[in-house]
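# Summary of structural features
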Amino acid sequence: MGSADSKLNFRKAVIQLTTKTQPVEATDDAFWDQFWADTATSVQDVFALVPAAEIRAVREESPSNLATLCYKAVEKLVQGAESGCHSEKERQIVLNCSRLLTRVLPYIFEDPDWRGFFWSTVPGAGRGGGEDDDENARPLAESLLLAIADLLFCPDFTVQSHRRSTVDSAEDIHSLDSCEYIWEAGVGFAHSPQPNYIHDMNRMELLKLLLTCFSEAMYLPPAPDSSSINPWVQFFCSTENRHALPLFTSLLNTVCAYDPVGYGIPYNHLLFSDYREPLVEEAAQVLIVTLDHDSATSANPTVDGTTTGTAMDDADPPGPENLFVNYLSRIHREEDFQFILKGIARLLSNPLLQTYLPNSTKKIQFHQELLVLFWKLCDFNKKFLFFVLKSSDVLDILVPILYFLNDARADQSRVGLMHIGVFILLLLSGERNFGVRLNKPYSVRVPMDIPVFTGTHADLLIVVFHKIITSGHQRLQPLFDCLLTIVVNVSPYLKSLSMVAANKLLHLLEAFSTTWFLFSTAQNHHLVFFLLEVFNNIIQYQFDGNSNLVYAVIRKRSESLLPPQPLGIDKLTEKSQVSEDGTLRSLESAPQQSSVEDSPATEEPSQAWREQRRLSSASASGQWSPTSEWILSWKSKLPLQTIMRLLQVLVPQVEKICIDKGLTDESEILRFLQHGTLVGLLPVPHPILIRKYQANSGTAMWFRTYMWGVIYLRNVDPPVWYDTDVKLFEIQRV
């Protein structure tokens, strides 16, 4: 039968279903088989031929027919899993049912009255058929999930058969050890199977259905506590699923082993369409959803939803009930860590690859899923986190993150990407080793619109953060705290900042000390404290290599940025402002006219600052306005002793040199400062304070929402969730 006939017959069946007012018996195979037995429709066809309005109409007007359709489709998948799908016809039925369920499930989830449907038991749906068979009690959702798991390790359908010859009988799907059929070499598996296009496509279709099952989470509004466990994920990742370990390993290895460049041959990806990428993407999405587990909550409900708490349970191994989270947290071999880290770093760096030949390498699009996966790895497996920080390999993660942050800073729609990038850097900065690693020279030139500098990865981080703060958009304001916390965390370990980075830090101090910024919210003065802490840490712990920063501070002092009472009331009310290249600008009128400049090329002050200014002038009439008591309450606590002492000692010396030698040359002064010392002259060094990221249910909820938002937007062909009534986030129609 031709494809056109096939589509026509399928469409006829759909019309019959939507127009029938009477329930169709489940036993009427002639009717139901039209949907899967005689058709060869692609998933795109199914989406086109089963319109949303018709699914909703059947749901409202003949619910029993929709229920029967779902039940019969699941039954076909279960039969396919039982038989092992040996014939082409059986495989086609499985794919057709899988596509149909992917189409229909979101419409079941969007209606609260239907939500329990898949968790109800279907009478007589037991696998054994006998009345007392335990299997009779299996809810439809469980039968569906177990069938998908079986089908993902089905020889000659989704994995290579191990049969020696055709003489051997077909492999028995029940005795098959799926650990021998892991899809890709890597963690816990050494054998890399032959790539097989058909198997990859079949896996992808089944994973899409699995992801659709898990997507019920999109139809529940965000809960204030993140304890709402996704029953689909919970069951699939439990001991009930005998394929949990090989599937977890298959997904992880498929993602981490993927090389989009195409084995080093330019343009290779254009010669044969890369069929691996859609599978890798799907695998990454399924993986991060199965790992949606709040590490902050420790009471682990059992599979039946009750919390364990009897004396007997003490014998149980600790660790989450979710086997995927459990396996992830127990990876420990160095070579496994190396494989995972190298794979993620290779994929994250892919969009940055500068090639002399445009389009010669394929650019992957799933960097957000990879960042969530990297976050989960660091969050659930502390050994992995320490491994990442043990060598300079962490920089292969850092540079792409800085690239994404810089690239997305002005784009309101990518605020989620900004958050996850900053969260990861905050997590890493909580460990001393991260600061130490940043001292490695930065030589790779990634294409970024930032000032050119010669220096280290620390300089790169500071320059990019400065750019985000001064030319991002308004919605990034909540991240300023995090960005500066990261700089504070690494500052005691930074051996030598470049002049460019030193000036950026001073420019931020200046910008954050302006009246309109300090007075616009009750929290903004914290940013000044953070920056002073950065200067103090560098002066106290890394004075020797940081002549650039010391020189920049002295130069600013001589331009009267830091008068004897730095940030005194005169500073907070003065009408002039020093721009970053050191020129003094006069402002015509009141403080809210001030602008933040970036040099040498003077940029238009960014939207964020203009917006901030508008808010600050509004705040006078509005909710919060500063009082002199409030100003004094924090001004008296500004940690200025170290900087003041530095200036008292060094400024006279530098001035003397300039007068004695008639110097106006920076390099001479820098040379003097390089050999200077403040040993015994500075206040007693304060202990190093590192602010660590603290997991809480709020961040767990944020991750869940962000992750599903990414998955919703990335699945456009077919558009699985488009135009359905999702509740977890708002869709803004452009």
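This structure is a prediction, so every number in the text was calculated from the model and none was measured.

### With respect to the overall build of the protein chain
Secondary structure assignment for the protein chain yields 31 helices and four strands. The 734 residues of the protein chain split such that 57% are buried. A fraction of 76% describes how many contacts in the protein chain between residues 6 or more apart in sequence connect residues 24 or more apart. As presented, the protein chain carries roughly 31,500 Å² of accessible surface, and 55% of it is formed by carbon and sulfur atoms.

### A look at helix α7 (residues 140-151)
What sets the pattern is the α-helix's 3.6 residues per turn: residues three or four places apart point alike. With 12 residues, α7 extends 16 Å between its outermost C-alpha atoms, agreeing within 8% with the 16 Å of an ideal straight helix rising 1.5 Å per residue. When you tally the buried positions in α7, you get 12 out of 12 residues, the bulk of the element. Here α7 has its buried residues at Leu140, Ala141, Glu142, Ser143, Leu144, Leu145, Leu146, Ala147, Ile148, Ala149, Asp150 and Leu151. Buried positions along α7 lie against α5 (63-83), α6 (88-109), α8 (197-214) and α9 (231-236).

### Focus: unusual backbone geometry
Peptide bonds are mostly trans, and most non-glycine residues show a negative phi. Omega for the bond connecting Asp717 with Pro718 falls within 30 degrees of zero, at 0 degrees, which places this linkage in the cis form. You can see Pro718 is positioned in the segment after α31 (697-714). Even without a glycine there, the phi angle at Cys85 is positive, about 50 degrees. You can see Cys85 is positioned in the loop between α5 and α6.

### A short note on the packing of helix α10 (residues 244-256) against helix α12 (residues 276-290)
Interhelical geometry of α10 versus α12 gives an angle of 130 degrees and a closest axis separation of 9 Å. In terms of axis orientation, α10 runs oblique to α12. Of the two possible hands of crossing, α10 and α12 adopt the one that is left-handed. Residues Phe248, Leu251, Leu252, Thr254 and Val255 of α10 form the contact with α12, whose own contacting residues are Arg276, Leu279, Val280, Ala283, Ala284, Val286 and Leu287.

### Points about the nonpolar core
Judged by nonpolar contacts, the single largest core of 235 residues is most densely connected at Phe35, Phe118 and Trp708. The contact partners of Phe118, leaving out residues within four places of it in the chain, are Cys70, Val74, Leu101, Leu105, Ile108, Pro139, Leu140, Ala141, Leu144 and Trp232.

### Focus: the side chain of Asn406
Looking at the secondary structure, you find Asn406 in helix α17 (residues 395-408). Taking the relative accessible area as the measure of exposure, Asn406 reaches 4% and is therefore buried. Apart from residues no more than four positions distant in its own chain, Asn406 is found in contact with Met448, Asp449, Ile450, Val464 and Lys467.

### Focus: the environment of Thr485
Structurally, the position occupied by Thr485 is in helix α21 (residues 480-490). Once the C-alpha coordinates of Thr485 and Val534 are considered, the two residues, 49 residues apart in sequence, prove to be 9.3 Å apart. The residues touching Thr485, leaving out its near neighbours within four places in the chain, are Leu426, Phe530 and Arg691.

### Focus: the side chain of Glu431
Structurally, the position occupied by Glu431 is in the loop between α18 (415-429) and α19 (432-437). Given a relative accessible area of 18%, Glu431 falls into the buried group. Excluding its chain neighbours within four sequence positions, the residues that come into contact with Glu431 are Leu385, Phe386, Leu389 and Lys692.

### Looking at the pattern of salt bridges
Applying the stated criterion to the full structure yields 31 salt bridges. Of the charged contacts, one joins Lys208 and Glu282 as a salt bridge, the two residues approaching to 3.0 Å between their closest N and O atoms. Of this pair, Lys208 sits in helix α8 while Glu282 sits in helix α12; the two residues are 74 residues apart in sequence, bridging distant segments of the chain. A residue is classified by how much of its surface remains accessible, and Glu282, at 4% relative accessible area, is buried. Arg333 is the salt-bridge partner of Glu335, the closest N and O atoms lying 3.2 Å from each other.

### Regarding the packing of aromatic side chains
The way to describe two aromatic rings as a pair is by their centre distance and the angle between their planes. Taken as a whole and judged by the stated rule, the model has 36 aromatic pairs. Centre to centre, the rings of Phe248 and Phe324 are 5.5 Å apart; their planes meet at 70 degrees, and the pair counts as edge-to-face. You can see Phe248 sitting in helix α10 and its partner Phe324 sitting in helix α13 (residues 323-330), a full 76 residues away along the chain. Just as Phe248 is buried, Phe324 falls in that class too.

### What about helix α22 (residues 499-512)?
Across its 14 residues, α22 extends 20 Å between first and last C-alpha, which sits within 8% of the 20 Å expected from 1.5 Å per residue. Burial within α22 is extensive, with 12 of its 14 residues counted as buried. Considered for burial, the residues of α22 that qualify are Ala501, Ala502, Asn503, Lys504, Leu505, Leu506, His507, Leu508, Leu509, Glu510, Ala511 and Phe512.

### What about the packing of helix α4 (residues 52-61) against α5?
Two elements in contact, α4 and α5, have axes whose closest approach is 5 Å; the angle formed by their N-to-C orientations is 115 degrees. Residue-level inspection shows Val58, Arg59, Glu60 and Glu61 of α4 in contact with α5, the latter providing Pro63, Asn65 and Leu66. Looking at side-chain class alone, the contact of α4 with α5 contains three nonpolar, one polar and three charged residues.

### A look at the environment of Phe384
Here Phe384 lies in helix α16 (residues 382-390). Taking relative accessible area as the criterion, Phe384 reaches 0% and is therefore assigned buried. Separated by 10 residues in sequence, Phe384 and Phe374 place their C-alpha atoms 9.9 Å apart. If near-sequence neighbours (up to four positions away) are discounted, Phe384 is found in contact with Phe337, Ile340, Leu341, Phe374, Leu377 and Cys378.

Reading the values: the criteria
- Residues numbered from 1 in each chain as written.
- Predicted model: local features only at pLDDT ≥ 70, side-chain atom pairs only at ≥ 80, totals over all residues.
- Heavy atoms only, no water.
- Helix = DSSP H or I, 4+ residues; strand = E, 2+ residues; numbered from the N terminus.
- Buried < 20%, exposed > 50% of the residue type's maximum accessible area, 1.4 Å probe, protein only.
- Contact = heavy atoms within 4.5 Å.
- Areas by Shrake-Rupley, 256 points an atom, 1.4 Å probe, with all protein chains shown as cover.
- Expected span 1.5 Å × (residues − 1).
- Axes fitted to C-alpha atoms, helices over the stretch in contact; angles between N-to-C directions.
- Parallel < 35°, antiparallel > 145°, perpendicular 65-115°, else oblique.
- Left-handed = near helix turned anticlockwise from the far one by under 90°.
- Core = buried A, V, L, I, M, F, W, Y, C linked by side-chain atoms within 4.5 Å.
- Salt bridge = Lys/Arg side-chain N within 4 Å of Asp/Glu carboxyl O.
- Phe/Tyr/Trp six-rings, centres within 6.5 Å; stacked < 30°, edge-to-face > 60°.
- Nonpolar A, V, L, I, M, F, W, Y, C, P; charged D, E, K, R; others polar.

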